[in-house]
Each structure stands twice: as C-alpha cells, then as structure tokens.
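Now for the letters of each chain:
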Amino acid sequence: MSDIGSEEYEEDTGPYLGEYEGERNEKEERHGFGKAILPNGDKYEGNYQDGKRHGQGVYRFKNRARYIGEYASGRKHGQGAFIYPDGSKYEGSWKDDQRHGYGVYNYINGDRYEGEWRNHLRHGKGSYIYAESSSRYIGMWQNGKREGAGQLIHDNHKYIGTYKNDIPVGGGKYVFEVGCEQHGEYVAQQPKVASHRKQMP
C-alpha cells in the first residue's frame, strides 16, 4: 500500500503575519472574514477569531497543496479536505492539525482507504482497496498497520484471520469462490543467517 503524499505541510505561523484584507476586532486582531498573503507565499481566505484562523477557510500552499475546511484556534479541526501536490487527497475529520476520526484517503497510485484515523495514521476499523490487484482488506488497523481481525478479499477467494504488525498470524482460513475452505495457521519464521565460517585447509 502507498502512503505517497501523506506527509503534512506546515502552515505559516511566524511573527510577521504578511498582508491582510478583512475584518478586525477592537484589538485590531484579524476577526471575521478576511484574505491573507503570508510571508512564505501561502494564501488564506476565510474566517478568523481573535487573530487566529477559526471556522471555515481555504489555505493554499505555495507548492499547490491546499486545505478546504474547518479550523479551530489556528489549527485544522473538524471536517476538511486536503489536496496534495501529487494529486492524492484526504477528505474527512481532523483534530489539532491531524487526520483523526473518520475519513477517506485517495492515494496517487489509485489505492483508497476508507475508515478511522488517529493522529494522522490509519487506526480503528477501515477498508483498503489495492488498485493494482483490486484486492480489498477489511478489518482493524493500529498505528497505520493491519492489526487484529481482518479479511483480505481477492477476485476468487478471501483470507479471514488475524493480523499482527501488518502480517497474518495464528489461525485463519481461505474461503474459495467454488465453496471449499482451507484452514490453517500462520507461524512467523526467523530469517536464516548466512554462515561465513572459513573452511579448514
């Protein structure tokens, strides 16, 4: 699976706030609707509260990435879509600038994840479609990896079992389209270490 484009882009939060056109409060802070061109070349158009991005807004990065969605106290928070320069896209829930909650990520290679997130990683229940093979994993995730009960579905068969650290472990079964099943158990094996002993003359 691909995580191309999953890196986050920092929004400009430096002491110099750049050019601004819009509403202000009695303290002359940005407050209400406004447009800003930031010192690093990024642009923001949307709502502010007490000097911070708050509410609905659009943030355009100079590298052509953009975020369209909700803010709270200057951070992406609530519902929003992040479009990356490579064309990949995340649309869903955010918390404190992190993908968190339910969301859909369409990857640049055509893969697609739909499900739960925590702290920017796939975490909880979700499904992942592999574009190249059209196979689909449905099950549990932990810190970006398949973990716990899950099933990997192919065109004419599927595997149902348990995953640990992204690989099948323990008991499981293959269910084939023709109606038969194959039960078994996955056992982790240690890689063999090549011997470098010198032969006696």
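Residues numbered from 1 in each chain as written. Predicted model: local features only at pLDDT ≥ 70, side-chain atom pairs only at ≥ 80, totals over all residues. Heavy atoms only, no water.

(A) Spatial organisation of the confidence of the model for the chain. On average, residues of the chain carry a pLDDT of 89, and 85% of them reach 70 or more. Between residues 195–201, whose pLDDT stays under 50, and residues either more than four places distant or in other chains, the model counts 0 contacts. (pLDDT = per-residue confidence, 0-100. Contact = heavy atoms within 4.5 Å.)

(B) The arrangement of the pairing of strand β8 (residues 98–106) in detail. Note: strand β7 (residues 89–95) against β8, 6 bridges, orientation antiparallel. Within β8, the residue paired with W94 across the bridge is R99. Here β7 folds back onto β8, and the loop between the two strands holds 2 residues, one of which, D96, carries a positive phi near 50°. Of the pairings in the sheet, the one linking β8 to strand β9 (residues 112–118) comprises 6 bridges and is antiparallel in character. Bridge pairing links Y105 to Y113 in β9. Counting the residues in the hairpin turn of β8 and β9 gives 5 residues, including G110, whose phi is positive at 95°. (Pairing = 2+ DSSP bridges. Helix = DSSP H or I, 4+ residues; strand = E, 2+ residues; numbered from the N terminus.)

(C) Structural context of unusual backbone geometry. In this model, E28 sits at a positive phi of 70°, which is unusual for a non-glycine residue. Tracing the backbone shows E28 in the loop between β1 (19–24) and β2 (30–37). Look at E28 and you get exposed, because its relative accessible area is 54%. Here the phi dihedral of N165 falls at roughly 55°; this positive angle occurs in a residue that is not glycine. Among the secondary structure elements, N165 is positioned in the loop between β13 (157–164) and β14 (167–176). Of the residues examined, N165 reaches a relative accessible area of 48% and is grouped as partly exposed. (Buried < 20%, exposed > 50% of the residue type's maximum accessible area, 1.4 Å probe, protein only.)

(D) Region of the structure containing the nonpolar core. In terms of nonpolar packing, the biggest core is built from 25 residues, with Y59 and F82 touching the most fellow members. Elements with a contribution of two residues or more to this core: β3 (43–49), β5 (66–72), β7, β9, β11 (136–142) and β13. (Core = buried A, V, L, I, M, F, W, Y, C linked by side-chain atoms within 4.5 Å.)

(E) Quick peek at the side chain of D42. Checked against the element boundaries, D42 lands in the loop between β2 and β3. We note that D42 is buried and unpaired, the nearest opposite charge coming from K62 at a distance of 5.9 Å. Only 2.9 Å separates the side chain of D42 from the backbone nitrogen of K62, close enough to count as a polar contact. (Lys, Arg positive; Asp, Glu negative; His and termini not counted. Salt bridge = Lys/Arg side-chain N within 4 Å of Asp/Glu carboxyl O. Polar contact = N/O pair within 3.5 Å; in protein donor to acceptor, adjacent residues only side chain to side chain.)

(F) Structural detail: the packing of aromatic side chains. Enumeration according to the criterion identifies 27 aromatic pairs in this entry. Aromatic side chains Y20 and Y48 sit 5.4 Å apart centroid to centroid with 85° between the ring planes, which places their arrangement in the edge-to-face category. Of this pair, Y20 sits in strand β1 while Y48 is found in strand β3, placing the two residues 28 residues apart along the sequence. Judged by its relative accessible area of 16%, Y20 is buried. Taken together, a centroid distance of 5.6 Å and an interplanar angle of 90° make the contact between Y44 and Y71 edge-to-face. In this pair, Y44 is assigned in strand β3 and Y71 in strand β5, connecting sequence segments 27 residues apart. By relative accessible area, Y71 is classed as buried at 3%. When the ring centre of Y113 is taken as origin, the NZ or CZ atom of R122, which lies over that ring, is 5.8 Å away. The positively charged end of R146 is found above the aromatic ring belonging to Y137, 5.6 Å away from the centroid. (Phe/Tyr/Trp six-rings, centres within 6.5 Å; stacked < 30°, edge-to-face > 60°. Lys NZ or Arg CZ within 6 Å of the ring centre and 35° of its normal.)

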